[in-house]
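The primary structure of each chain is shown beneath.
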Amino acid sequence: MSTVKHTTERALQLMRQLPRVKLNNIRNNPGAYKTQKRGRAQHGGDKHGDGMKSHCNYMRLGYETGNTPFYLRFTYESYYKDHHLRREYPPISLNQLQTMIDTDRIDTTKPIDLATICLTGLYDFFPDQRQYGYQLTDEGANIFKTKVNIEVQHANELVIATIEKNGGVIRTAYFDPYSLQALRNPKKFFERGVPIPRRMIPPQDAIEYYSNPKNRGYLADPEAISHERLVLAQKYGYELPKIEDDVDYEMLSETKDPRQIFYGLEPGIVVNLEDKSIIRKREN
Amino acid sequence: MFTLKLLNSSTISSRYTCRYVTSGSQKLLGLFGKKEKEPEPAENALEMFDADQNEIDSELKKERIQAIRNKSRLNDNHRRLLLGEVPYQNAQSWVHNTLKYKRKLYGKLGEKSGLDPRICFWTHTEIEDKNEYERTAYPKTVQEMIQISEQDKKETKEKELKRDEDIARNLEKLEMWKTDIVKRKEKRENDARVAKERKDRLIEEVRRHFGYTIDIRDERFKQMLEEKQKQQRKAMKESKRQEKESKLLEKLKSVKAEDKLSTEPSENSDESDPSEEKDEDVNQNTEEENVKK
């Protein structure tokens, strides 16, 4: 008796195993409802539901009186493909930089950083919109006359040449979005009461740029960079100033570790602005 | 005329008693409150009791002064927040008990918050999470990534070079290919023409054989045509065979000629067989060389 299963028993057994009845696993009986199709051709088209005698009604948006409408002609337009993955670097010209220096918004006795530019109050960038920092543009290269130690996220050859000609130092560095949020508003970051994070390494398509000494990348070999400095000086025809003999050598040679976000502050420490204190974990 | 609105006696006693006591206006005390009889204390205890009481009194006084000064009509918590103090003395929501809130509080107020700064550092689970995230999001080291990018560049360059070489090689053969195509086309046309001519000739023959005009598609005609085609094929095969035979014969002749040439000099030479005398190898070598030439 147990082996022989009647249909009802089978049905009940099946029911016990099936998932709960929900809207997504049931459907109407066949013929219960008709899909509404737009009227076309002889039966349904023609006057498009506006009767015989009245003047014509409004056609649906995009309709082009019969020919394939523009919005249906192209099945694929890849203008914005991967746009959400492309990094943006909002520009700052050398002109703007010089103006900021001249109007005392930037202190050139200290290294210039992404944080410095944001704290001038004149410029802001938005990491959540795939903006990964600033790029220095060459507009104003002819009037730039300051010795600076600057760190940006992108710079072209002329900009690098200009800054180095004036006895300065330029580096291109990558900051991941979390670090960018910290740099953009350091006060707000420290008020969170969390330790300073580690800066992450660049993605694969950016690693080439930041490891190239021609771009003064922060991952490049320092010796290669000094060689490229000479090459650039010869290319643009200026005498390369000797930074070692400079009065501000210490300031000019100050760089960040690839895992460091703020100058002078290592990752893992808690900084409190109210108490003006730094709290570190004990070694043991 | 005016209705005097007198305050509650309890509020009066809490807010104003101290003031009037210290100012020393005994008269007013009589107006607003009962004259409290001070008990007779022991000497030492009295001094201490007085000191404490004075302290408490001064604190209470301060509080009351502050309360009077506070005309902001703000919520107490909001006022404390504005003044940079700990806003909520007791947790009024589950949010106030979260680690995130406490860290923020410490971040904003520092030691004034009364919190242990150790809460600011990451917990074990948080550290593990962060490490795991880093391991999955950034699995390769910088050196590895640089190597990969260099390799990619190299590969693309090699690919391009190879493609260029292939194209160059093909360009050399281009003219040859062009002529090949033309030849093939000509051959195809030729063959078709020849076959057509052959067929036409056969048809003519058959027609002549019959004598009278007969339709091509007639059965008798077709049979005749088939026979003639067979004959033709046989003839062609025979001719091909003969060609092959003649070619073979030519080859054999040429081989024989070579053999004869090779055997002749050994017979003509004055010296004895090379196998017997090995001392005169030099002379023999020169003769062999002559033969080869």
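This is a predicted model, so every value here is computed, not measured.

A word on the overall build of chain A
- Within chain A, the secondary structure is distributed over 10 helices and 7 strands.
- A burial count over chain A gives 36% of its 284 residues as buried.
- Sequence-distant contacts, at least 24 apart, represent 58% of the contacts inside chain A between residues at least 6 apart.

Quick word on a nonpolar patch on the surface
- Together, Ile167, Leu171, Leu174, Met176 and Trp177 of chain B line one region of the surface with nonpolar side chains, adding up to about 450 Å² of accessible area.
- Mapped onto the elements, Met176 of chain B comes out in helix 7 (residues 142–210).

Side note on the interface of chain A and chain B
- Of the residues lining the interface, 26 residues belong to chain A; the matching set on chain B comes to 23 residues.
- When the two sides are added together, the surface that chain A and chain B hide from each other amounts to roughly 2200 Å², 63% of it contributed by carbon and sulfur.
- Area buried by chain A at its contact with chain B is led by Glu191, Ile201 and Gln204 of chain A, which between them contribute 23% of it.
- Across the chain A-chain B interface, the total number found is 4 salt bridges.
- Put simply, Glu274 of chain A and Lys112 of chain B hold a salt bridge, and the shortest N to O gap is 3.9 Å.
- Counting across the chain A and chain B interface gives 4 residue pairs in polar contact (both at pLDDT 80 or more).
- Those elements giving two or more residues to the side of chain A that touches chain B turn out to be helix 8 (204–210) and strand 6 (270–272) of chain A.
- The biggest single contributor to the side of chain A that touches chain B is helix 8 of chain A, with 3 residues.
- Taken together, the residues of the side of chain A that touches chain B break down into 11 nonpolar, 5 polar and 10 charged.

So, the environment of Ala155 of chain A
Residues and elements named next belong to chain A.
- Summarising the element assignment, Ala155 is placed in strand 4 (residues 154–155).
- Taking the C-alpha atoms as reference points, Ala155 and Arg171, 16 residues apart in sequence, are found 8.6 Å from one another.
- The residues contacting Ala155, other than those within four sequence positions of it, are Leu136, Ile160, Ile170, Thr172 and Tyr209.

Observations concerning the confidence of the model for chain B
Residue and element names in this part refer to chain B.
- Residues with a pLDDT of 70 or more make up 72% of chain B, whose mean pLDDT is 80.
- Confidence drops under pLDDT 50 across residues 10–33; counting only partners more than four residues distant or on other chains, this segment forms 9 contacts.
- When the criterion is pLDDT under 50, residues 269–282 qualifies, and its contacts beyond four places in sequence or with other chains add up to 8 contacts.
- Quick note on the complex model: pTM equals 0.64, ipTM equals 0.76.

Quick notes on the rules
Residues numbered from 1 in each chain as written. Chains lettered and ligands numbered in written order. Predicted model: local features only at pLDDT ≥ 70, side-chain atom pairs only at ≥ 80, totals over all residues. Heavy atoms only, no water. Helix = DSSP H or I, 4+ residues; strand = E, 2+ residues; numbered from the N terminus. Buried < 20%, exposed > 50% of the residue type's maximum accessible area, 1.4 Å probe, protein only. Contact = heavy atoms within 4.5 Å. Patch = residues over 30% accessible without salt bridge, like charges linked within 9 Å, V, L, I, M, F, W, Y side chains within 5 Å. Areas by Shrake-Rupley, 256 points an atom, 1.4 Å probe, with all protein chains shown as cover. Salt bridge = Lys/Arg side-chain N within 4 Å of Asp/Glu carboxyl O. Buried area = accessible area lost by both parts, 1.4 Å probe. Polar contact = N/O pair within 3.5 Å; in protein donor to acceptor, adjacent residues only side chain to side chain. Nonpolar A, V, L, I, M, F, W, Y, C, P; charged D, E, K, R; others polar. pLDDT = per-residue confidence, 0-100.

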